[in-house]
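# Tertiary structure, described
Take a look at the letters that make up each chain.
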Amino acid sequence: MIRGRFAWILAALVTAGCGGRADGEAAPAGGRVPIPRWSEEVQDALAAVPVQEQGRIKPLGTWARFQLLRINHALTFVVSARRFDLPADERRGPMPWALDMLFHPGTASEYRCFLVPDREVLSDLHRAGEAPGEVERRRKRDRHSYADLQPARDAILARAERVLREEEAGRLDPKERTPLHRELVLLRSSLLEFETAARGLDWARARYALAGTPAAAALYPEGTTAVRFSEVLREAPRLGAALRAATDRADDEAARGLERFIGQAWLDAGHLRGVGLFPPPVPREEAWLGAAELLQRAAAGQAVPPGHLALVGAWEALADAVAAGGDGVAEARAVLERARALAEARGEYEKIDLELTYYDLGPFDHAKVLYLIAFALIALSWLGRFSRWLRPAGVVLTVAALALHALGITLRCVIRGHPPVSTLYETILFISAVGSLTCLVIEWVNRRRIALALGPLLGALGLLLAGNYEMIDRQDTMPKLQAVLDTNFWLATHVLCISIGYSAALLASAFGQAYILGRVLGIRRADAAGYAGLGRMVYGTTAFALIFAVVGTILGGVWANDSWGRFWGWDPKENGALMICLWTVMMLHARLGGYVRAFGLSMLSVVLAMIVAFSWWGVNLLQVGLHSYGWIQGVGTALGVFYLAETVVLAVGGTWAWRQRRAARAAAAPGSGGPAA
Amino acid sequence: MSDVPAPTLTAAGRAGPAAPPARAPGPADLLRRVVDVLGSFGLACVILALLTVLTLAGTLAQTHKSLFDVQEEYFESLFVLAEFGPLRVPLPGAYLLLVLLALNLVVGGLVRIRKRLATVGVLVVHAGMLALLGGGLVEYLASDRGSLRLYEGETGAVFQSGELWDLVVEEVAPDGQARAWVVPVEEIAGAGPGRLRSLRLAGLDPGLQVGDYVRNAEVVPVFAPEAGAHGAPDPHGPHGAPARPTGYRVRRLDPHPVSAEQNVPALRVLVAAGEGLQEGVLWGNQAFPWEVRTGEAALRLDLRRREFELPFAIRLEEFVKEDHPGTRLPRRFSSYVTKVEGRVETRIHITMNEPLRHEGYTLYQSGWGPQSEREPPWPYSVFSVVRNPADRVPAWACLVLAVGLLFHFLLKLVNYARAEARRSPARRAGAP
């Protein structure tokens, strides 16, 4: 094996490279850094190049999006005109940033795109003399460039790795990381991911000198002094054979020369870990290969197919064109064509264009805006003026937003090949869409304009939540599913039923809270019929929630019975669903038995919303059980705010009801002047 | 429960028919009142609210207790002292609440409910709920569960419980004939630390005493006190060489906070051998049974996980684990097994969501190992094995419930839509 034979030289080269400096282009000292410009054509072509990451074949554009999100915690960052050669500050998005990182790593290392949420992480290092003093002058939550962080890079990595080692040894509980430890570990990941990507195309830029390696030079035309990676790859089977022959005949000098030559190329090609750029030449294999793996296989005797060599050559041509200051349009298109041809030959390109369309279209962003406008129009219509025009306009916009919302969900289903809900992120999209749709149906039945207003509001809130979740999670929202979840039948039945149940329960609660606040604030006090109608909506949506919650929960039990051998295991997620069923049934029985009326039912619906929040998000915070797959930092705070708000509604409603009752009793008491009992 | 005739209120000052002359309540009145309460909406609401609170408490308790313990404490008990942070709140256990709920369902939801078209759906739902509760009861009382671990090429017909243990006593006669007695640990768990109790096993001569039962323990060596300086036990002999322990003692550990399967019990046993008593410690992880000579015979005592026998055998032919390409995220676990029944062998594929069901037993793909290696040269596969007579009840109950709920609420929805249409023709016309 090459790896075994070259152990000593690889170790030396890795050591040389482990400083992690993104070399290639150094930023001019003292002056403003020139900024690379990428034409739309180049960006579009390269965004469509298929790669495989985390087990999924996706466009390079998607990889760039989540790469930037992980480091920057947002999809754009500001490039300052003070630091860069720009007439004014400008925002840089994922694709230009990724191209800078791949082709101009020196410039990319100057971008302030590393979000450090708490300066304390770096201040601590500063006090230890391991971070630059400038850190102290920055805001508590601020963005830094790789170049800013580079002096403290080794110290950050060492500290984070100490935490990880302690956790691995069981001396620290990963669930109870301190904020400092959490930030350190995240910053370590960001730095390593940047370094990985910034050196990811070293092989495409490099030239490998043949001087001192006559055994290698003999394989190339006479007079060749240096060769490209593609040429090394083409001759790799012969280079490998020559190395084995030299080793067999104990020709140490020739063997060392060949080891050094192939080893350097192998090292350059091995930086972009975890991202497969080349479809495997063997049809039955599924894992895409990096350049280093191609070289390793070739050196072991497997000739590289012409299509793969052409793709390697296309990347090199693009790197050359960019280095020469060209626009690189033709070269970028050549990369795309060759990569697409290889992927299409395996039937693995078909969803790339659809995914690009999905991200280009941004259906959820547009739907969110439409929902908000629709809500504003409907709210204005309550004022009375122009309501004849505003209300239909609100309805049209809500329908349009819902159509976009549904289109986004449908596109995701087609891309992933799964029913609409299989991740926590997708629950938000689906639940908010169902909520909006239910509101429209209710409005169609009763025309009270309450559901009409709540529909776009819920849709917008849901999509805002989904967007925030994506920013907090910072992971591909279309991941591969773990083994037990990889079943479309149960995803389409149990998960959808439960999600519809959540949606209806939250909607019931929204109507209930509208009822409580309306009563407490005295809005349309005389409209008894209106409040009675609203009370019926609380009841109806609660009943709707009950059907889906009960059926969904039992279907979950049937699934668990098929997967794990038990119908019910008192797992936290199961318990959350059970609590929703129990509470909903209790609400309906309390109403039926006459223990509560519309106001009481509304109060109970507030508790129902709290239970849904616990089941949907809260159980993940417990980090126990079989369904604990959705732990997200930051959810705890949001959940706390939600519980606080709901508690306030309960307290306000309870106080109002108590006062009403006391006033009624006082009025009914003998001698109060009120009506006789 | 739905549409039960509302009780007539006759308290002073409230509307109601004229009260008949007062008479002393008889047993029939008392029974009627009990039935009224049992079938009431009020009781249903109280039970459902308590079940919700209990479920919440049982969920929160899982952060610091194993699921097995939480199940026993909260969901298989009559009463529980529920923990809400620092607070301890006495609550009825789920067992009691579910029995009450079943009574409430039967009395209020099936017997006393008005039978008419509007309540057909409710009746069906209540019947489905009862079936579900009945299935749960059957599972609780009559199911066995455990796991079976097989290496490739290995055959097995016995599965072991993860949490339940047995004390196994075996008497081996001089001619090699052996008799065995199996005592569930639950029967001797009352003999906790500092307590001893006699154990009588039919047909076994030597008297046995068991005690100092500890649910989770480790066994540590004991060294002679004089071996160390300052009277402290010293695990090292002269010149730092390891000293020989003079005995072993049980060190009590807290129950495992996450998995009850990790608990390893220990027990002190005294055997009347000849004129004296022989004392020994049994520990779940000991490699061999403890053997005592009792006259001519030998007595072997062992603590081991409860075993159940399958009516057929399973041979693991091949275990396959597939990851998503380029990752270590598992995509599929599969076991290719052969089911052996006498001379009949059947090849079967068991994978996630596709268990083997046969003879009332179900085998699920639940694990594999050793997980320290990506592609272990000698992999083993772990199957969860369950015998549950009510295995398919939940699926049927789900169907019944869905039909009942849909029928009932669709009826309500139609009535609601009609009423809305009658109530607000102006709104329907779109007037502001």
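Residues numbered from 1 in each chain as written. Chains lettered and ligands numbered in written order. Predicted model: local features only at pLDDT ≥ 70, side-chain atom pairs only at ≥ 80, totals over all residues.

Here the focus is the pairing of strand β11 (residues 276–283) of chain B. Judged from the 8 bridges that link them, strand β10 (residues 266–273) of chain B and β11 of chain B form a sheet pairing that is antiparallel. The residue bridging A272 of chain B from the neighbouring strand is L277 of chain B, located in β11 of chain B. (Pairing = 2+ DSSP bridges. Helix = DSSP H or I, 4+ residues; strand = E, 2+ residues; numbered from the N terminus.)

Once that is clear, we can look at the pairing of strand β14 (residues 330–341) of chain B. Residues and elements named next belong to chain B. Pairing geometry for strand β13 (residues 297–323) and β14, over 10 bridges, is antiparallel. Looking at β14, one finds that A313 is bridged to V340. Where β13 folds back on β14, the antiparallel hairpin that results is connected by 6 residues, among which G326 adopts a positive phi of roughly 75°. The turn linking β14 back onto strand β15 (residues 344–351) is made up of 2 residues, and G342 within it adopts a positive phi angle of 60°.

Another aspect to go through is the packing of helix α23 (residues 488–521) of chain A against helix α24 (residues 528–563) of chain A. Residues and elements named next belong to chain A. Their axes nearest at 7 Å, the elements α23 and α24 cross at an angle of 155°. With respect to each other, α23 and α24 are oriented roughly antiparallel. Like other packed secondary-structure pairs, α23 and α24 cross with a definite hand, here left-handed. Residues of the contact of α23 with α24, tallied by class, amount to 22 nonpolar, 11 polar and no charged. (Axes fitted to C-alpha atoms, helices over the stretch in contact; angles between N-to-C directions. Parallel < 35°, antiparallel > 145°, perpendicular 65-115°, else oblique. Left-handed = near helix turned anticlockwise from the far one by under 90°. Nonpolar A, V, L, I, M, F, W, Y, C, P; charged D, E, K, R; others polar.)

Attention shifts here to the environment of G162 of chain B. All names here are of chain B. With respect to the helices and strands, the residue G162 is situated in strand β4 (residues 155–172). Linking G162 and E307, residues 145 residues apart in sequence, is a C-alpha distance of 9.7 Å. The residues contacting G162, other than those within four sequence positions of it, are G146, S147 and E261. (Contact = placed C-beta atoms within 7 Å.)

For the rest of this paragraph, the subject is the environment of V78 of chain A. Residues and elements named next belong to chain A. Tracing the backbone shows V78 in strand β3 (residues 77–79). Remark: the alpha-carbon pair of V78 and R143, spanning 65 residues in sequence, is separated by 9.7 Å. Among all residues touching V78, those that are not within four sequence positions of it are D89 and R91.

Let's shift gears to the interface of chain B and chain A. Contacts between chain B and chain A engage 58 residues on the former and 58 residues on the latter. Elements with a minimum of two residues in the side of chain B that touches chain A: α2 (41–61), α3 (67–75), β14, β17 (361–369), β18 (380–387), α6 (393–423) and α7 (425–428) of chain B. Top element by residues in the side of chain B that touches chain A is α6 of chain B. It accounts for 13 residues. Classifying every residue of the side of chain B that touches chain A gives 32 nonpolar, 18 polar and 8 charged.

Residue and element names in this part refer to chain B. Ordered by their spatial adjacency, 4 strands build an open sheet running β6-β7-β10-β11, and the pairing between neighbours is antiparallel. Each having just a single partner strand, β6 (196–199) and β11 make up the two edges of the open sheet. Ignoring which end each strand starts from, the neighbouring axes of this sheet average 25° apart.

As a further point, take the environment of T553 of chain A. Examined against the element boundaries, T553 of chain A turns out to sit in helix α24. Taking the C-alpha atoms as reference points, T553 of chain A and L187 of chain A, 366 residues apart in sequence, are found 40 Å from one another.

Nothing here speaks to function; it is all geometry.
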